[in-house]
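# Structural overview for review
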Amino acid sequence: MSPTTTTAAASTSTTNAGADAVTPELASAAIGEGEPGHLGVLLRPALVLLAALTVLTGVLYPLVITALAQLTFPAQAAGSLVERDRQLVGSTLLGQAFTDDAYLWGRPSATSPVGYAAQASTGPNLGPSNPALHAAVAERVAAVRVAEATSAPVPADLVTSSGSGLDPHVSPAAARLQVDRIARARGVEVGLVRAVVDAHVEGRTLGLLGAPRVNVVVVNLELDRRWPRRATGPAPP
């Protein structure tokens with residue numbers, strides 16, 4: 001190859017390389033940087049999408065679901081509230097503290113400053129090997145046996161708090177253990193109180209989930225309905 005040919009090839013290569021190179025100025029021109037309205041072009045679809053999703057998921061979806069719930073499950077959608085003499089006395093979803101002998105007692109509650117404080121749901125956070133838990137359970141077992149005048153085994157749910165501290169249920173065994181005390185306090189036959197408890201045993205959800213249980217608030221309202229009395233301890237719900 002002659003020197004002339006070599007020089008021409010090098011010149012051609014340099015020209016092609018220069019044509020293929022993208023300078024910062026060309027890149028800016030390609031993406032429109034610095035052009036008026038460029039930021040708006042990028043932000044407009046993002047803001048429109050944000051507004052659309054906000055309306056869809058933050059307004060329309062909650063309204064539709066709330067309306068459907070009110071139409072299909074009105075009591076549950078309203079909080080499963082319970083009334084007595086047209087006055088709100090609680091919810092079937094939240095336990096309450098009963099200490100009067102004439103009422104069914106629920107599980108211990110670890111919430112503070114008082115038991116069954118819905119705004120402070122919590123469990124005891126004590127492990128099974130914690131001495132404080134052992135001492136608390138032993139004290140509760142002794143108290144239950146004195147109150148029920150029995151030496152029988154005490155169901156675990158009567159002496160241990162639930163994970164939420166708001167459990168409205170006790171086991172059927174825990175409810176039946178209290179029947180004699182309630183009957184004595186109300187001056188009625190044991191069999192009548194036992195029938196009320198047995199009538200309010202709820203089965204497993206869908207026949208599979210959870211365990212049989214008794215709602216403490218519901219049973220206590222039924223006891224008052226059948227045998228009205230003036231409580232000697234803290235007022236019932």
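Look above for the structure.
Here's what I pulled together on the structure shown here. For every chain, the first residue of its written sequence is number 1, and the numbers climb from 1 along that sequence. Residues qualify for local features only when their pLDDT is at least 70, as the model is predicted, and side-chain atom pairs are given and counted only at 80 or more; totals for whole chains, interfaces and linings, by contrast, use all residues. Water and hydrogen atoms play no part in the side-chain values, which are based on all heavy atoms of the structure.

Further remarks concern the overall build of the protein chain. Scanning the protein chain from terminus to terminus reveals 9 helices and 5 strands. Where helices and strands are cited, they refer to DSSP runs of H or I of at least four residues and of E of at least two residues respectively, numbered from the N terminus. For the protein chain, the N- to C-terminal ordering of α and β elements is α-α-α-α-β-β-α-β-α-α-α-β-β-α. Contact criterion: two residues are considered in contact whenever any of their non-hydrogen atoms come within 4.5 Å of each other. When contacts within the protein chain are restricted to residue pairs at least 6 apart in sequence, long-range pairs at least 24 apart make up 57% of them. A total accessible area of about 15,000 Å² is found for the protein chain, and carbon and sulfur atoms account for 64% of it. Computed with the Shrake-Rupley method and a 1.4 Å probe, the accessible areas treat only the protein chains shown as cover for residues.

What follows concerns the nonpolar core. Counting residues in hydrophobic clusters, the biggest one holds 30 residues, and the most contacted among them are Leu104, Val170, Val193 and Leu223. Among the secondary structure elements, those contributing two or more residues to this core are α5 (131-148), α6 (172-177), α7 (179-186), α8 (190-199) and α9 (216-226). Considering every element that reaches this core, the biggest residue donor is α9, with 5 residues. Dropping the residues within four chain positions of it, leucine 223 is found in contact with Ala102, Ile182, Arg186, Val193 and Val196. Buried Ala, Val, Leu, Ile, Met, Phe, Trp, Tyr and Cys residues form a nonpolar core when they are joined through side-chain atoms within 4.5 Å. In this scheme, a residue with accessible area under 20% of its type's maximum is buried, one over 50% is exposed, and one in between is partly exposed, where area comes from a 1.4 Å probe on protein chains only.

Take the sheet that holds strand β3 (residues 169-170) next. Within a sheet, neighbouring strands are paired by backbone hydrogen bonds and run either parallel or antiparallel to one another. Read from one edge to the other, the open sheet built from 3 strands follows the order β3-β5-β4, with strand pairing classed as antiparallel. Whereas interior strands pair on both sides, the edge strands pair on one side only; in this sheet they are β3 and β4 (201-202). Here 2 bridges tie β3 to strand β5 (residues 213-215), and the two strands are oriented antiparallel to one another. Bridge pairing links valine 170 to valine 214 in β5. Angular values range over 0 to 180 degrees, each being the angle between N-to-C directions of two axes fitted as lines to C-alpha atoms, with helices fitted over their stretch in contact. Against the sheet, α9 makes contact with β3 and β5, and its axis sits at roughly 55° relative to β5, the strand it touches most. We treat two strands as partners when DSSP finds at least two bridges between them.

Let's shift gears to the environment of leucine 81. Among the structural elements, leucine 81 can be located in strand β1 (residues 81-84). Considering only alpha carbons, one finds leucine 81 and leucine 93, 12 residues apart in sequence, at a separation of 8.2 Å. When neighbours within four sequence positions are excluded, leucine 81 is seen to be in contact with Ala75, Leu88, Gly90 and Ser91.

In terms of burial, α9 is largely enclosed, as 8 of its 11 residues are buried. Within the span of α9, buried status applies to Val216, Val217, Val219, Asn220, Leu221, Glu222, Leu223 and Asp224. The secondary structure elements touched by the buried residues of α9 are β1, β2 (87-91), β3, α7, α8 and β5. Polar contact criterion, stated in full: a pair of N or O atoms within 3.5 Å, where within protein one must be able to donate a hydrogen and the other to accept it, and residues adjacent in sequence count only if both atoms are side-chain atoms. The distance from a side-chain oxygen at the start of α9 to the backbone nitrogen of valine 217 is 3.2 Å, and the residue carrying that oxygen is asparagine 215.

This brings us to the pattern of salt bridges. Working definition: two side chains of opposite charge can pair if their charged atoms are close together. The working definition used for a salt bridge is a side-chain nitrogen of Lys or Arg within 4 Å of a carboxyl oxygen of Asp or Glu. If you walk through the whole model with that rule in mind, you get 8 salt bridges. Residues aspartate 224 and arginine 84 are paired through a salt bridge, measuring 3.1 Å at the closest nitrogen-oxygen approach. Here aspartate 224 is found in helix α9, whereas its partner arginine 84 is found in strand β1, with 140 residues between them in sequence. Arginine 107 serves as the salt-bridge partner of aspartate 167, at 3.5 Å between the closest nitrogen and oxygen. Residue aspartate 167 is found in the loop between α5 and β3, and its partner arginine 107 is found in the loop between β2 and α5; the two are separated by 60 residues along the sequence. Judged by its relative accessible area of 17%, arginine 107 falls in the buried class. Overlapping salt bridges bring together Arg84, Arg186 and Asp224 as one network.

Taken residue by residue, α7 has Val179, Arg181, Ile182, Ala183 and Arg186 as its buried positions. Looking one or two residues beyond α7, the residue adopting positive phi is glycine 187, at roughly 70°.

With that out of the way, let us pick up the packing of aromatic side chains. For Phe, Tyr and Trp, where Trp contributes only its six-membered ring, two rings pair if their centres lie within 6.5 Å, and the inter-plane angle classes them as stacked under 30 degrees, edge-to-face over 60, or tilted in between. Tallying each qualifying case throughout the model produces 1 aromatic pair. Between arginine 181 and the ring centre of tryptophan 105, over which it is positioned, the NZ or CZ distance is 3.8 Å. Looking at arginine 186, its charged tip hangs above the ring of tyrosine 103, at a distance of 4.9 Å from the centre. Distance and angle both matter: a charge sits over a ring if NZ of Lys or CZ of Arg is within 6 Å of the ring centre and within 35 degrees of the ring normal.

Attention now goes to the pairing of β1. Pairing geometry for β1 and β2, over 4 bridges, is antiparallel. Following the sheet pairing, glutamate 83 is matched in β2 by leucine 88. The turn joining β1 and β2, which pair antiparallel and follow one another in sequence, is formed by 2 residues; a positive phi near 55° is taken by aspartate 85.

Once that is clear, we can look at the side chain of glutamate 222. The topology assignment puts glutamate 222 in helix α9. By relative accessible area, which is 14% here, glutamate 222 ends up buried. If near-sequence neighbours (up to four positions away) are discounted, glutamate 222 is found in contact with Val196 and His200.

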